[in-house]
Amino acid sequence: MTTVRPDFVIEQNWRGYSQEEHAIWRLLFERQQRLLVGRACREYLAGLDGLDVAASGIPDFRRLSGILDRATGWQIVAVPGLVPDDVFFAHLARRRFPSTCFIRRRDQLDYLQKPDIFHDICGHVPLLMNPVFADYLQAYGEGGLKALGLGHLQRLARLYWYTVEFGLIATAEGLRIYGSGILSSAGESVYCLDDPRPTRLRFDLRRIMRTRYRIDDFQELYFVIDNFQQLFDATRPDFAPIYQEIAVLPDLQPTARIDRDREFVDGRRKKIGPHISAAQV
Ligand code: PHE
Ligand code: FE
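Residues numbered from 1 in each chain as written. Chains lettered and ligands numbered in written order. Predicted model: local features only at pLDDT ≥ 70, side-chain atom pairs only at ≥ 80, totals over all residues. Heavy atoms only, no water.

A tally of regular secondary structure across the chain gives 13 helices and 6 strands. Against the compact-globule benchmark of 19 Å for 281 residues, the chain has a radius of gyration of 18 Å, which places it among compact chains. Principal axes of the C-alpha set define a box for the chain whose edges measure 55 × 50 × 30 Å. A total of 281 residues make up the chain; the buried ones form 54% of that total. Put simply, the chain shows about 13300 Å² of open surface, and 51% of that area lies on carbon and sulfur atoms. (Helix = DSSP H or I, 4+ residues; strand = E, 2+ residues; numbered from the N terminus. Rg over C-alpha atoms; globule rule 2.2 N^0.38 Å. Buried < 20%, exposed > 50% of the residue type's maximum accessible area, 1.4 Å probe, protein only. Areas by Shrake-Rupley, 256 points an atom, 1.4 Å probe, with all protein chains shown as cover.)

In structure tokens, the structure reads:
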């Protein structure tokens, strides 16, 4: 029985992974590598490069933490699964990213509701090599502890969902992905950019904090930022009055539209039918 410390940190036990587990990692990694060129934002691809989480197998957190620490002062800590909110935020506030250690099974390659090591490491960690994003996630951790105290966690959680997990970014080359929930999913990496069904709105802090989300299927709504500095600056103000302001407004479904919505139109991207993109998966 592994002992769980009050901060929920455990040993990754890197030597304990089986050949099959390393093989699943390689499969997922190679598939996303192919898909993400031209889809992931350049900050993500640069981070992935710098971390050297090659296709060789499940990485050792100690090695990754060393590289990450030298780049932005972040570390990876192993946790057994989802941890209590206050524990999660406290880690982020100290620039420690809690990562699960287990990898999905071969029959779950395409969809998993719970985070696994592939999502946590390949989805989240590369962007932590970027100084602005690294500061954003630490500020989010501090904001999380504050929101817990104020009783507005649900609103702050939506910000995490629509940025850290499912965010899109407008670049000179076209729309790109930075959300880790998308980056670790083969199907959604294609769908979020190419499929005509989901709505893509320009980033709007208050709008995001009012909008519910679904966890059981591809998103029906994405929010698009212009750059990480915009995200960092927009979230810098004290949220206490903003929580008050939106507390009186109704929550919105992902399919709802309101007057202030600004749709993102990507003039640069060629229209590709979903059937064509699906063939690349
Ligand atoms: N500025 C926010 C607050 O006062 C904290 C925060 C920063 C939250 C970045 C999310 C992201 O609560
Ligand atoms: Fe995640």
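Time to look at the environment of I76. Secondary-structure assignment places I76 in strand 1 (residues 75–78). Given the relative accessible area of 7%, I76 is considered buried. Counting along the chain gives 20 residues from I76 to R96, while the straight-line C-alpha distance between them is 5.5 Å. With sequence-adjacent residues up to four places away left out, I76 is seen in contact with F61, L64, S65, L68, F97, S99, I121 and V125. (Contact = heavy atoms within 4.5 Å.)

This part takes up the confidence of the model for the chain. Scored by pLDDT, the chain has a mean of 93; 94% of the residues are at 70 or more. Between residues 271–281, whose pLDDT stays under 50, and residues either more than four places distant or in other chains, the model counts 10 contacts. (pLDDT = per-residue confidence, 0-100.)

Moving on to the packing of aromatic side chains. Summed over the entire model, instances satisfying the criterion amount to 17 aromatic pairs. Taking the centre distance of 6.5 Å and the plane angle of 75° together, the rings of F133 and Y178 count as edge-to-face. Of this pair, F133 sits in helix 6 (residues 131–150) while Y178 sits in the loop between strand 4 (174–177) and helix 8 (180–183), and the two are 45 residues apart along the sequence. Assigned by exposure class, F133 and Y178 land together as buried. Look at Y140 and Y160: their rings are 5.1 Å apart centre to centre, the planes differ by 50°, and that puts the pair in the tilted class. In this pair, Y140 sits in helix 6 while Y160 sits in helix 7 (residues 153–165), placing the two residues 20 residues apart along the sequence. This pair shows no difference in class: Y140 is buried, exactly as Y160 is. Through successive ring pairs, a cluster of aromatic residues spans W161, Y162, F166, Y213 and F223. (Phe/Tyr/Trp six-rings, centres within 6.5 Å; stacked < 30°, edge-to-face > 60°.)

What follows concerns the side chain of H152. Relative to the helices and strands, H152 resides in the loop between helix 6 and helix 7. Given a relative accessible area of 11%, H152 falls into the buried group.

Moving on, we get to the site of ligand 1. Near ligand 1 you find Y136, A139, Y140, G143, K146, L156, L159, T235, R236, P237, D238 and F239, and these make up its full shell. Note that an oxygen atom of ligand 1 is positioned 2.4 Å from one of the side-chain N or O atoms of K146. Interatomic distance of 2.7 Å between a backbone N/O atom of T235 and a nitrogen atom of ligand 1. Surface burial for ligand 1 is 92%, taken as the share of its 330 Å² of free accessible area covered by protein chains. At the level of elements, helix 6 and helix 7 are the ones that each hand at least two residues to the shell around ligand 1. The element contributing the most residues to the shell around ligand 1 is helix 6, with 5 residues. Grouping the constituent residues of the shell around ligand 1 by class yields 7 nonpolar, 2 polar and 3 charged. (Near = heavy atom within 4 Å. Polar contact = N/O pair within 3.5 Å; in protein donor to acceptor, adjacent residues only side chain to side chain. Nonpolar A, V, L, I, M, F, W, Y, C, P; charged D, E, K, R; others polar.)

Another point: helix 6. The α-helix winds at 3.6 residues per turn, so residues separated by three or four positions along the chain end up facing the same way. Taking 1.5 Å of rise per residue, 20 residues should cover 28 Å, and helix 6 covers 29 Å from first to last C-alpha, within 8% of that figure. F133, A134, Y136, L137, Q138, Y140, G141, G144 and A147 are the residues of helix 6 that are buried. For helix 6, the secondary structure elements touched by its buried residues are helix 3 (61–72), helix 4 (85–93), strand 2 (96–99), helix 7, helix 11 (228–234) and helix 12 (240–247). At the N-terminal boundary of helix 6, the capping side chain belongs to N130, with an oxygen 3.1 Å from the backbone nitrogen of V132. Immediately beyond the C-terminal end of helix 6, within one or two residues, lies G151, with a positive phi of roughly 75°. (Expected span 1.5 Å × (residues − 1).)

Look at helix 6 against helix 7: their axes get within 9 Å of each other, and the N-to-C directions meet at 160°. By the angle between their axes, helix 6 is roughly antiparallel relative to helix 7. Crossing of helix 6 over helix 7 shows left-handed handedness. Residue-level inspection shows F133, Y136, L137, Y140, G143, G144, A147 and L148 of helix 6 in contact with helix 7, the latter providing L153, L156, A157, L159, Y160, T163 and V164. (Axes fitted to C-alpha atoms, helices over the stretch in contact; angles between N-to-C directions. Parallel < 35°, antiparallel > 145°, perpendicular 65-115°, else oblique. Left-handed = near helix turned anticlockwise from the far one by under 90°.)

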